[in-house]
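# Examining the three-dimensional arrangement
If you want the building blocks of each chain, they are given just below.
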Amino acid sequence: MTAMTEQVKLTMENLKKHRYDVKFVETKEEVPPIIREMIPEGALVGSGGSMSLAECGVMDLLRSGKYQYLDRFGPDISPEEREQIGHKAHSADFFLCSSNAVIEDGCLYNVDGNSNRITSIVYGPKKVIMVVSVNKIVKTLEDAVYRVKSYVAPTNCARAGMKTYCATEGICMALKTKEKPAMTDGCDSPGRSCCNHLISTHQRVPDRITVILVGEPLGL
């Protein structure tokens, strides 16, 4: 459990300036009650693949039968069905996910392979709710890029059994071959997970995106 630090306060202030709705809770157990309050029963809900949502108990809530949950992650779902469900999520009332990094200046940084998550963040669902641990707060965009290349992408690719350089070596090849790699540098593997990069700054629609910051480690 982490008390609200000066870094968290600064980040929240800057997120609000960029017209995000921002909430802070100290523990993961406080997240599901907030979600229940925000999402009415019967709403059409989609989600990205998120360890943070699972660790908070939000995935259990989404599968409770209270909502029309577009579940892409069932064991018997074919790749074709998973893709169809991903498309339907763009028309959902609510979309839930996490963020790869939150920058102190109030911007969000996310990187995807299939990119159903970042497309839903940008446009489609009426409301986006992000559950993000405060350990994902970084000082600069460069720090956010480094976090993904050095930790998030290698861990995700290894967990998913992807045959990428980072899954084998534990770090993006760009960090091995260049002193200052660009955001888009990386391998040419067909299974590469960092295909599209999204930097979310000032929002045209105020409060469409809610960021719930959690004061204990979650996800990657």
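In what follows, the structure referred to is the one given above.
Residues numbered from 1 in each chain as written. Predicted model: local features only at pLDDT ≥ 70, side-chain atom pairs only at ≥ 80, totals over all residues. Heavy atoms only, no water.

With that out of the way, let us pick up the sheet that holds strand S7 (residues 127-133). Here six strands make up an open sheet; going across it, the order is S1-S10-S7-S4-S2-S3 and the pairing parallel. A single partner strand is all that each edge strand has here, and the edge strands are strand S1 (21-25) and strand S3 (68-69). Pairing of strand S2 (residues 44-47) with S3, which is carried by two bridges, proceeds in the parallel orientation. Looking at S3, one finds that Leu44 is bridged to Gln68. The sheet strands contacting helix H1 (residues 6-17) are S1 and strand S10 (209-214), and the helix crosses S1 at an angle near 160 degrees. (Pairing = 2+ DSSP bridges. Helix = DSSP H or I, 4+ residues; strand = E, 2+ residues; numbered from the N terminus. Contact = heavy atoms within 4.5 Å. Axes fitted to C-alpha atoms, helices over the stretch in contact; angles between N-to-C directions.)

With that out of the way, let us pick up the state of the cysteines. Here, disulfide denotes a covalent bond that connects the sulfur atoms of two cysteines. Scanning all chains against the criterion turns up zero disulfides. Cysteine Cys187 is unpaired, with the sulfur of Cys166 as its nearest cysteine sulfur at 6.3 Å. (Disulfide = S-S within 2.5 Å.)

To continue, consider the sheet that holds strand S5 (residues 101-103). Spatially, S8-S5-S6-S9 is the arrangement adopted by the four strands of the open sheet, whose pairing is mixed. The two strands at the open ends of the sheet, each matched to only one other strand, are strand S8 (137-138) and strand S9 (196-200). By the bridge criterion, two bridges tie S5 to S8 in an arrangement that is parallel. Opposite Val102, over in S8, you have Ile137 as the bridge partner. The strands touched by helix H7 (residues 141-159) are S5, strand S6 (108-112), S8 and S9; relative to S6, the strand with the most contacts, the crossing angle is about 30 degrees.

Now for the side chain of Lys136. Inspection of the secondary structure assignment puts Lys136 in the loop between S7 and S8. One buried charged residue, Lys136, forms no salt bridge at all, with the nearest opposite charge on Glu55 at 8.3 Å. A distance of 3.3 Å separates the side chain of Lys136 from the backbone oxygen of Leu220, its partner in a polar contact. The contacts of Lys136, once residues within four sequence positions are left out, are Ser52, Ser98, Ser99, Asn100, Ala101, Val102, Arg147, Leu218 and Leu220. (Buried < 20%, exposed > 50% of the residue type's maximum accessible area, 1.4 Å probe, protein only. Lys, Arg positive; Asp, Glu negative; His and termini not counted. Salt bridge = Lys/Arg side-chain N within 4 Å of Asp/Glu carboxyl O. Polar contact = N/O pair within 3.5 Å; in protein donor to acceptor, adjacent residues only side chain to side chain.)

Any functional reading would require information beyond the geometric quantities listed.
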